[in-house]
Amino acid sequence: MEQVITYILSFLQGPDRKEASLVCKIWYLASQDWQFKKKLTYRFPASSVSLDGIRCLGRYPCYSVAISHLDSSSFSKAILQQVALHLGPRLESLSLRGSSITESSFLAVAPHLPALRRLDLSRCDSLFMSGTLLSKEESRQAVGAALENLEELDLSSLRFLSDLTFNRLTGCLPNLRRLSLAGCHITFQIDPYRGSSAGYNSTAMLSLKNLHRFLSERAPSLKGLNLGRTGMTPEALRSLVDVRGLCLEELTLQGCKELTDQAMAALWKWQPDLKTLDLSFCTELSDKTLLAISSNLKELQCLNLAKNRRITDSGLLDLMELKCLQSLDFSECSNVSGGELVKGLCSPVAQARLVSLSFNSCTLITDLTMFSLAQLLGPSLRVLDLTSCLYLTDLSVRAIATYLPGLVVLRLGWCKEISDWGLLGLEEPTKECKPDKEKDDKGPKFSCNFGNMGFFSPPKKYLEEKPRRVTKQDLVEFREREGASLLALRDLQELNLTACTKLTDASITQVLRFQDLRTLSLSTLSEITDSSLVSVASHCRGLTRLNLSHCPKLTDHGLSIAARSLHRLQHLQLSCCDKITDRSLALLAEECKALKSLDVSMCKEVSMAAVKLLQSQLPSLESIHTIFVGGADLSFTL
């Protein structure tokens, strides 16, 4: 019986599974199955309450823990000792990101984690500042014996990482497969302190020579490397990727602005088996890099080229021949229009099946491109980001709803031409373009049922007329017919409609009804009222993140009703909501016990006294933004 219930629970999201576990003891035991626990990460701040939580977790399978706000105090050390005592034997992932721990605190926990597979020490500057980490032989032996199975190490954004501490730490990790040094200061030429080439054991910095030595030693096992934001030079890249025996599957070079098309040639030659490649913000790269990727990286699955403004459509055609390609990110590539991507997908040799596609801030994307892509990508697409694609209209929304039913994430923020008609799947009747009367034009015309759709230009938009508002009769028609409304996206978990200023209650109350929705942004929708908020809360009860900032018509009344349905809400933004008062904060404290962050900046009717009271009532509240609350004067005097 328990196995059957476990199988049923496997189809539920984490919060839903938690609610189901309260049915009875059998359902509770089924929800504690190891396959569910493997996917959970327990996050604790360094507090006295956390000690009790850690002790309780010791009774159950716990595989991943993240602890924040640790410092050099004895109390923080005691928390890590409790982790080692109660969770150590089974713990597979530990994150101490951003902590100010000392070596003694680290040694209180590290030798007691024999099952650890992933360790995050990013931004733990205090741990490396003295340069004495693992300087004693007995400490290295103890850590090495416990962490011999560690596979992933994150050392991102460390200011004081040197050759000496790097070698001591990695020397204890013989089976390391993935290493992140993103944002670390790596010396690629000379030691600025000595004025000569850096050696293998510099006590002041991490050198290229030492990194090359490390890669040479670990070449057979190392599969993932993150060198983003390190100032990587073309010469340094060539020396690192041609290490004998090195066969990388994941490489991140984000923000390495000195890299050129010529420098990347060594990458294609020596690392042809790459599956994930991040070249975002490498501003010197051009279409030559895209063409080289298409020709050489036949196993590539994920490609990130965000913020590379020299990239155009020219290289997109051949990318679709990569049979393993699943994810493409062209965010802020202002010269990409998507036309060649459409041609590539139409090609008889196209093999790519995209799961994720981002055109964030690609302002050349049009309805024509979006209609074509929607047809070609079909149900396999899960993530679509069209934020700030300014020229997309309701036609694109209807195409998305019709041809992309498998979407889990949809971002349409700042697409200001999208209106209620698009979300409802209706065609706006106008004098020039009526649903029951086709215009006499030279080409085919889009209709509400998308008949005979192909790769042709959308109908002309008559922007000189003010769009007609949706009436009650229109909503009756919407309920009576099966149209291409946003309701077709039943699996949606994240939706961003920020600054789609033409949206009103007419569509929000009718369309936003997604049981699995977790993240929603309705920021800067000046026309929505309490009706939209109440409707969203009643139909999207699983929301954990909700952004309602700059919605001036929302009031305490709407929030009081909505809060009763949003018990899972963790992050709420209400900045610049002028009608929200202290009463709303009192209701949040009563109904939204899981709240972790709140933004009430520039809410004129909210007082600091109410904010402090909320903080005292919600111990889980980690962050609250209160800039200019209480009607503070926003003018500054120089």
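All values reported here derive from a predicted model rather than from experimental measurement.

**Considering the overall build of the chain**
- Looking only at helices and strands, one finds 25 helices and 24 strands in the chain.
- Put simply, the chain has 638 residues, and 51% of those count as buried.
- Here the analysis covers contacts within the chain between residues at least 6 apart in sequence; of these, 78% occur between residues at least 24 apart.
- A total accessible area of about 29000 Å² is found for the chain, and carbon and sulfur atoms account for 51% of it.

**Observations concerning the packing of helix H23 (residues 556–563) against helix H24 (residues 582–591)**
- Relative orientation of the contacting elements H23 and H24 amounts to 0°, with a least axis distance of 9 Å. Taken together, the axes of H23 and H24 are roughly parallel relative to one another. Of H24, the residues touching H23 (which contributes Asp-556, His-557, Leu-559, Ser-560 and Ala-563) are Arg-583, Ser-584, Leu-587 and Glu-591.
- Partitioning the contact of H23 with H24 into residue classes produces three nonpolar, three polar and three charged.

**A few points about the packing of aromatic side chains**
- Inspection of every chain in the model, using the stated rule, returns three aromatic pairs.
- For the ring pair Tyr-7 and Phe-11, a centre distance of 5.1 Å and an interplane angle of 90° mean the geometry is edge-to-face. Both residues of the pair, Tyr-7 and Phe-11, count as exposed.
- A ring pair is formed by Phe-166 and Phe-214, whose centres lie 5.2 Å apart and whose planes are at 70°; its orientation type is edge-to-face. With a gap of 48 residues between them, Phe-166 in helix H10 (residues 163–171) and Phe-214 in helix H11 (residues 208–218) connect regions that are remote in the sequence. Like Phe-214, Phe-166 is buried.
- The ring of Phe-281 carries the charged tip of Lys-307 above its face, separated from the ring centre by 5.4 Å.

**A few points about a nonpolar patch on the surface**
- A contiguous nonpolar surface patch, about 470 Å² in accessible area, is contributed by Val-4, Tyr-7, Ile-8 and Phe-11.
- What makes Phe-11 exposed here is its relative accessible area of 62%.

**Things to note about the side chain of Asp-367**
- Among the structural elements, Asp-367 can be located in helix H17 (residues 367–377).
- Residue classification places Asp-367 among the buried residues on the basis of a relative accessible area of 6%.
- A distance of 2.5 Å separates the side chain of Asp-367 from the side chain of Thr-393, its partner in a polar contact.
- In terms of polar contacts, Asp-367 uses its side chain to reach the side chain of Ser-396, at 2.4 Å.

**Things to note about the environment of His-69**
- With respect to the element layout, His-69 can be found in the loop between strand E2 (64–68) and helix H6 (74–86).
- Taking the relative accessible area as the measure of exposure, His-69 reaches 58% and is therefore exposed.
- Sequence-distant contacts of His-69, defined by excluding residues within four places in its chain, comprise Pro-45 and Ala-46.

**Digging into the pairing of E2**
- Taken across its five residues, E2 has four buried, putting it largely inside the fold.
- Direction of pairing for strand E1 (residues 42–45) relative to E2: parallel, over a ladder of four bridges. By the bridge assignment, Arg-43 is partnered in E2 with Ala-66.
- You can see the chain leave E1, run along helix H5 (residues 48–57) and come back into E2, and the turn it takes is right-handed.
- One crossover worth recording links E2 to the parallel strand E3 (residues 93–95) by way of H6, and it is right-handed.

**Here we look at the confidence of the model for the chain**
- When pLDDT is averaged along the chain, the result is 88, and 88% of the positions lie at 70 or above.
- Taken together, the stretch residues 431–466 has pLDDT below 50 and engages in 51 contacts with residues farther than four places along the chain or on a different chain.

**Observations concerning helix H16 (residues 339–346)**
- Among the residues of H16, Leu-341, Val-342, Gly-344 and Leu-345 are the ones counted as buried. Summarising the axial view, the buried residues of H16 lie within an arc of 160°, below the 170-degree limit, and thus occupy one face.
- The inward-facing, buried residues of H16 contact helix H15 (316–319), strand E15 (327–329), strand E16 (356–358) and H17.

**Here's the deal with the side chain of Glu-591**
- Relative to the assigned elements, Glu-591 resides in helix H24.
- In this view, Glu-591 contacts Ala-563, Arg-564 and His-567; residues no more than four positions away in its chain are not counted.

**What to know about helix H25 (residues 608–617)**
- Burial in H25 covers these residues: Ala-610, Val-611 and Leu-614. Buried residues along H25 cover an arc of 100° about the axis, so they all sit on one side. Exposed and facing more than 90 degrees away from the buried side of H25 are Ala-609, Lys-612 and Ser-616.
- Among the structural elements, H24, strand E23 (597–599) and strand E24 (623–625) are those in contact with the buried residues of H25.

**Thoughts on unusual backbone geometry**
- Located in the positive-phi region is Ser-388, a residue other than glycine, with phi close to 60°.
- The residue Ser-388 is located in the loop between strand E17 (383–385) and helix H18 (394–403) in this model.
- One non-glycine residue, Phe-628, lies in positive phi territory at about 55°.
- By secondary structure assignment, the location of Phe-628 is in the segment after E24.

Rules used in this analysis
- Residues numbered from 1 in each chain as written.
- Predicted model: local features only at pLDDT ≥ 70, side-chain atom pairs only at ≥ 80, totals over all residues.
- Heavy atoms only, no water.
- Helix = DSSP H or I, 4+ residues; strand = E, 2+ residues; numbered from the N terminus.
- Buried < 20%, exposed > 50% of the residue type's maximum accessible area, 1.4 Å probe, protein only.
- Contact = heavy atoms within 4.5 Å.
- Areas by Shrake-Rupley, 256 points an atom, 1.4 Å probe, with all protein chains shown as cover.
- Axes fitted to C-alpha atoms, helices over the stretch in contact; angles between N-to-C directions.
- Parallel < 35°, antiparallel > 145°, perpendicular 65-115°, else oblique.
- Nonpolar A, V, L, I, M, F, W, Y, C, P; charged D, E, K, R; others polar.
- Phe/Tyr/Trp six-rings, centres within 6.5 Å; stacked < 30°, edge-to-face > 60°.
- Lys NZ or Arg CZ within 6 Å of the ring centre and 35° of its normal.
- Patch = residues over 30% accessible without salt bridge, like charges linked within 9 Å, V, L, I, M, F, W, Y side chains within 5 Å.
- Salt bridge = Lys/Arg side-chain N within 4 Å of Asp/Glu carboxyl O.
- Polar contact = N/O pair within 3.5 Å; in protein donor to acceptor, adjacent residues only side chain to side chain.
- Pairing = 2+ DSSP bridges.
- Right-handed = clockwise from strand over helix to strand, strands pointing away.
- pLDDT = per-residue confidence, 0-100.
- Arc of directions from axis to C-beta.

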